[in-house]
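Structural overview
This is what each chain is made of:
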Amino acid sequence: MTRFSKLFNPISLAAAFCVLAMPLVSGAQGYQKTATGVKATVNGTSVEVQFYSPEIVRIVKVPDGKTFNKQSLSVIKDPAATPVTVKQQGDVLNVRGSKLDVMLNLKTGEVDFAGINGASLLKEKPNSATFTPFNDAGSSTYNVSQAFVLDNDESIYGLGQHQRGNLNQRNQVYKNMIQGNTEDVVPFFLSVKGYGVFWDNYSPSTFADGKDGTSFKSDVGDGIDYYFMSGGNADGVIANMRDLTGQAPMFPLWTFGYWQSKQRYKSQDELVDVVKKYRELKVPLDGIIQDWQYWGNNYLWNAMDFLNSEFPNPKKMVNDVHNMNAHMIISIWASFGPQTLQYKEMRPKNMLLDFKTWPESGSDKWPPMQDYPSGVVPYDAYNPQARDIFWKYANKGLFSIGIDGWWMDSTEPDHSQFKPSDLDIKTYLGSFRKVRNAFPLMTVGGVYDHQRATTSDKRVFILTRSAFAGQQRYGANTWSGDLTSSWQVLKNQIPTGLNFSLSGIPYWNSDIGGFFLSKFRRKLEDPDYRELYARWFEFGTFCPMMRSHGDDAPREIYQFGSKGGKVYDAIEKYINLRYSLLPYIYSTSYDVTAHQSSMMRALVMDFANDKDAWNVNTEFMFGKSMLISPVTQPMYTKPGQITGRDTVKLEDFSTVKTKQTYLPKGTSWYDFWTGEKVTGGQNVAKETPIDIIPIYVKAGSVLPFGPKVQYATEKKWDDLKIAVYPGANGDFTLYEDENDNYNYEKGKFSEIKFHWDDKSRTLKIADRTGSFNGMLEDRKFDIVIAPTGGDVESSKIVKSVPYNGKAVSIKL
């Protein structure tokens with residue numbers, strides 16, 4: 001049974017709502033005990049408190065006498081048997097679990113949350129639950145809202161992906177949130193106090209924080225439905241969000257290498273030649289992406305077949321890429337042109353959503369020629385049979401010839417010439433308005449579930465443009481959309497990605513260099529853009545996916561000069577750095593899957609006790625050891641001559657500039673490039689020539705560095721460098737498996753745990769646990785201490801240690 005079939009299975013539905021449907025046991029003074037909490041009617045509103053686990057509580061409020069038969073699209077956890085005690089004190093009903101106290105005011109209906117120690121976590125604003133009658137395309141329902149009261153100095157994060165540049169979501173208002181090209185709606189926020197709130201609603205919604213409280217308001221809801229979760233810290237809250245909405249599976253090792261793309265490769269020869277060129281230049285590359293129009297004209301939009309004559313032998317193209325030890329993913333959309341087989345099969349079955357989407361015209365000319373409408377429309381991703389049809393053609397035309405993964409574009413989906421009446425369109429699950437924001441979850445999940453059902457030999461990898469709560473369970477990495485390139489936009493990507501990760505979805509990236517270059521008239525000839533591209537590239541090195549892509553100009557490394565040029569050399573340097581970090585990155589990805597961690601981490605996740613770290617939106621942790629401080633302003637251009645409307649900028653590397661970076665308190669740090677030890681709790685200046693951004697390693701870290709390679713699996717990890725950064729005790733677990741199948745779910749993997757004891761200056765390597773086909777039985781670890789220059793390869797080896805899987809201690 002797939003996750004989606006579970007969603008609509010009547011037995012599962014009954015189980016999920018056993019508490020709501022079960023006979024109520026009498027209780028004192030207007031409340032009833034249920035299997036996992038209590039239910040009461042207060043001022044004409046039915047309020048139910050349901051414990052899903054000791055740290056997760058669901059609150060449901062419904063106008064009295066109304067039924068509430070919702071099956072969540074995001075939540076896949078059933079309420080677990082969780083012992084609770086119920087005690088009434090005056091007007092307040094205390095529902096206590098082993099880790100949470102929930103207080104229900106029987107007079108006002110207000111619900112408050114506290115830790116088991118009595119410390120207040122969150123309170124509802126009294127009398128703030130509202131139900132405003134609303135006619136949703138002929139169905140009687142409500143606009144619903146609920147407000148909360150936060151501490152004055154409390155920082156909150158998450159809410160998905162937004163492009164404002166703020167990290168802290170206090171004093172923000174996001175009106176009428178609907179999935180968009182660069183905006184991803186996830187109605188979840190996480191507090192620095194160690195709790196989170198998931199507002200389980202899929203309709204257009206408003207989040208507001210201000211003097212009147214912190215609130216969610218949604219256009220459609222038969223009731224108020226939200227989940228409160230504690231966790232003690234950010235990682236604990238995210239772990240509970242994933243427990244509720246699904247765990248993140250592992251990606252293949254090769255997906256963490258470097259990816260090259262552009263809008264678009266116009267023939268199979270062009271695409272293959274790009275991979276050949278990288279191999280000739282000996283610049284590492286693991287992935288190449290084919291964008292749209294391989295299917296031909298717009299009337300054949302998203303045919304999922306190579307109908308374009310420039311792609312005469314797609315199977316050979318894929319084989320050519322594979323024979324060069326690279327991988328290929330391909331663009332598929334959530335819409336179909338009227339001449340496609342998918343459209344013709346779905347139309348008679350009412351599986352298409354009739355509103356305007358991209359492309360609007362059947363002609364490729366710009367602006368769109370409305371006299372020649374494309375007829376392209378999205379499909380009803382909420383319909384399981386439509387998802388079956390979608391996969392049938394994706395499998396037949398693409399997956400069967402060896403395509404390695406999916407670039408699912410326009411999964412919000414694009415909505416052109418929007419009319420409010422478009423939201424009245426009927427979907428399989430009701431009005432489009434009712435389920436609008438869950439569209440990406442449904443279409444991405446359909447591909448994941450179908451590929452998993454097809455084979456376990458290849459892990460699902462999906463690159464997609466939109467996301468909703470729970471999408472982490474579907475093997476998807478979300479990118480930040482079609483951005484117009486500028487220094488400010490680059491700067492904004494840092495908090496954008498961090499808030500996305502703080503929404504419980506760990507995999508995110510951006511188009512390195514930005515998508516549109518409209519602000520740079522000279523495109524790649526503009527020194528300001530070349531500098532911006534280099535800095536964006538450096539930032540992208542430390543994102544969960546490292547991918548260059550864009551319109552207006554190609555972005556391959558050789559478009560930026562040749563070896564010896566400053567920008568070219570900077571790009572090559574960071575590609576090689578990415579590959580040297582693959583053992584660290586892949587092990588971190590397992591930490592994401594097995595221990596609900598996050599790869600791209602706001603400082604507050606690891607330094608919640610440092611108030612100065614709470615709202616830092618210019619730097620982040622990459623994994624739990626490396627602090628990354630991207631350069632997001634120009635340093636090496638100056639005004640030149642005026643030509644027409646433009647002031648032509650010139651490169652100027654005559655003076656090396658610096659950037660300030662805040663190092664959180666409570667630990668010491670090492671400059672990654674120099675090995676210099678620095679005390680935390682201060683801002684430090686770092687010289688930043690074009691090929692350097694500030695990178696600091698936390699004291700106590702143990703980092704593995706891999707060999708120099710041209711692709712991720714070129715060499716075995718039988719001779720890793722292990723870098724130790726003294727100053728505190730520390731641990732690291734090296735994870736390995738078969739790289740690209742699901743055998744790890746059956747226990748086919750190994751772990752080697754490293755512990756640094758700072759007092760005795762001893763590195764302890766534990767017994768290897770686990771095994772898998774192809775595992776290295778014997779290997780060597782070369783130990784280095786706080787390597788300088790970021791050049792681990794040539795750093796002095798303190799000790800070379802043979803390792804056969806048995807524990808060993810090394811005194812340094």
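Source: prediction; values computed, not measured.

Some points on the confidence of the model for the chain
Overall, the predicted model of the chain reaches an average pLDDT of 94, with 95% of residues at or above 70. Taken as a whole, residues 1–29 scores under 50 in pLDDT and shows 53 contacts with residues more than four places along the chain or in a different chain.

Examining the packing of helix α5 (residues 268–281) against helix α6 (residues 314–323)
The N-to-C vectors of α5 and α6 enclose an angle of 5°; their axes lie 10 Å apart at closest approach. The pairing of α5 with α6 is recorded here as roughly parallel in orientation. For the pair α5 and α6, the contacting residues are Q268, L271 and V272 in the first and P314, M317, D320 and V321 in the second. Looking at the contact of α5 with α6 residue by residue, the classes come out as 5 nonpolar, 1 polar and 1 charged.

Section: empty space enclosed by the protein
The tally for this structure, following the rule as stated, stands at 4 cavities of 30 Å³ or more. Looking at the second largest cavity, the residues that line it are G160, Q161, H162, Q163, R164, G165, N166, Q169, Y174, P495, T496 and N499. Looking at which element gives the most residues to the lining of the second largest cavity, the answer is helix α11 (residues 487–501), with 3 residues.

Topic: the sheet that holds strand β38 (residues 668–671)
Taken together, the 6 strands give an open sheet; going across it, the order is β32-β33-β34-β41-β38-β39, and neighbouring strands pair in antiparallel fashion. With partners counted over all chains shown, the strands left at the sheet margins are β32 (600–601) and β39 (677–679), one partner each. In the sheet, strand β34 (residues 626–628) pairs with strand β41 (residues 695–698) via 3 bridges, with the strands oriented antiparallel. The partner of M626 across the bridge, within β41, is V697.

Things to note about the pattern of salt bridges
Overall, the coordinates contain 40 salt bridges when judged by the stated rule. As a salt-bridge pair, R768 and E777 come within 3.3 Å of each other at their nearest N and O atoms. For R768, a relative accessible area of 16% puts it in the buried group. What makes E777 partly exposed here is its relative accessible area of 47%. One network of salt bridges, in which partners are shared, links D409, E412, D414, R465 and D482.

Points about a negative patch on the surface
Taken together, the side chains of D269, D273, E280 and E310 make up a negatively charged region of the molecular surface. Along the polypeptide, E280 turns up in helix α5.

Some points on the nonpolar core
Grouped burial of nonpolar side chains is what soluble globular proteins tend to show. Within the largest apolar cluster, 198 residues are counted, with the highest numbers of intra-cluster contacts made by W406, F542 and F781. Membership of the second largest hydrophobic core comes to 39 residues, among which are A40, V144, F189 and Y195.

Looking at the packing of helix α13 (residues 566–580) against helix α14 (residues 582–595)
Between two packed helices, the angle of one axis relative to the other and the distance separating the axes together describe the packing. Packing of α13 against α14 leaves a shortest axis separation of 5 Å and a crossing angle of 55°. For the element pair α13 / α14, the angle class is oblique. In this structure, α13 contributes R578, Y579 and S580 to the contact, and α14 contributes L582, P583 and I585.

Concerning the packing of aromatic side chains
Tallied over the full model, the rule gives 65 aromatic pairs. Ring plane angle 20° and centroid distance 6.1 Å describe the contact between F189 and F216, whose orientation is recorded as stacked. Placement of F189 in strand β15 (residues 184–191) and of F216 in strand β18 (residues 213–221) is noted, with a sequence separation of 27 residues between them. The class of F189 is buried, set by a relative accessible area of 0%. For the ring pair F754 and F781, a centre distance of 5.3 Å and an interplane angle of 75° mean the geometry is edge-to-face. Of this pair, F754 sits in strand β45 (residues 749–757) while F781 is found in strand β48 (residues 779–785), placing the two residues 27 residues apart along the sequence. Across the pair, F781 and F754 agree in class, each one buried. One aromatic cluster in this structure is built from F251, W254, F256, W259, F461, Y507, Y586, Y590, Y735 and F749. The aromatic ring of Y174 is capped on one face by R164, whose charged end is 3.9 Å from the ring centroid.

Thoughts on the environment of W259
With respect to the secondary-structure elements, W259 resides in strand β20 (residues 258–260). A residue is classified by how much of its surface remains accessible, and W259, at 0% relative accessible area, is buried. Between the C-alpha atom of W259 and that of D511, which follows or precedes it by 252 residues, the distance is 10 Å. A polar contact is formed between the side chain of W259 and the backbone oxygen of T255, at a distance of 3.1 Å.

What counts, and where the lines are drawn
Residues numbered from 1 in each chain as written. Predicted model: local features only at pLDDT ≥ 70, side-chain atom pairs only at ≥ 80, totals over all residues. Heavy atoms only, no water. pLDDT = per-residue confidence, 0-100. Contact = heavy atoms within 4.5 Å. Axes fitted to C-alpha atoms, helices over the stretch in contact; angles between N-to-C directions. Helix = DSSP H or I, 4+ residues; strand = E, 2+ residues; numbered from the N terminus. Parallel < 35°, antiparallel > 145°, perpendicular 65-115°, else oblique. Nonpolar A, V, L, I, M, F, W, Y, C, P; charged D, E, K, R; others polar. 1 Å grid on protein atoms, 1.4 Å probe; cavity = no way out; pocket = protein on both sides within 12 Å on 5 of 7 lines; lining within 4 Å. Points joined across faces, edges and corners; volume = space filled by probe spheres on them. Pairing = 2+ DSSP bridges. Salt bridge = Lys/Arg side-chain N within 4 Å of Asp/Glu carboxyl O. Buried < 20%, exposed > 50% of the residue type's maximum accessible area, 1.4 Å probe, protein only. Patch = residues over 30% accessible without salt bridge, like charges linked within 9 Å, V, L, I, M, F, W, Y side chains within 5 Å. Areas by Shrake-Rupley, 256 points an atom, 1.4 Å probe, with all protein chains shown as cover. Lys, Arg positive; Asp, Glu negative; His and termini not counted. Charge placed at Lys NZ, Arg CZ, Asp CG, Glu CD. Core = buried A, V, L, I, M, F, W, Y, C linked by side-chain atoms within 4.5 Å. Phe/Tyr/Trp six-rings, centres within 6.5 Å; stacked < 30°, edge-to-face > 60°. Lys NZ or Arg CZ within 6 Å of the ring centre and 35° of its normal. Polar contact = N/O pair within 3.5 Å; in protein donor to acceptor, adjacent residues only side chain to side chain.

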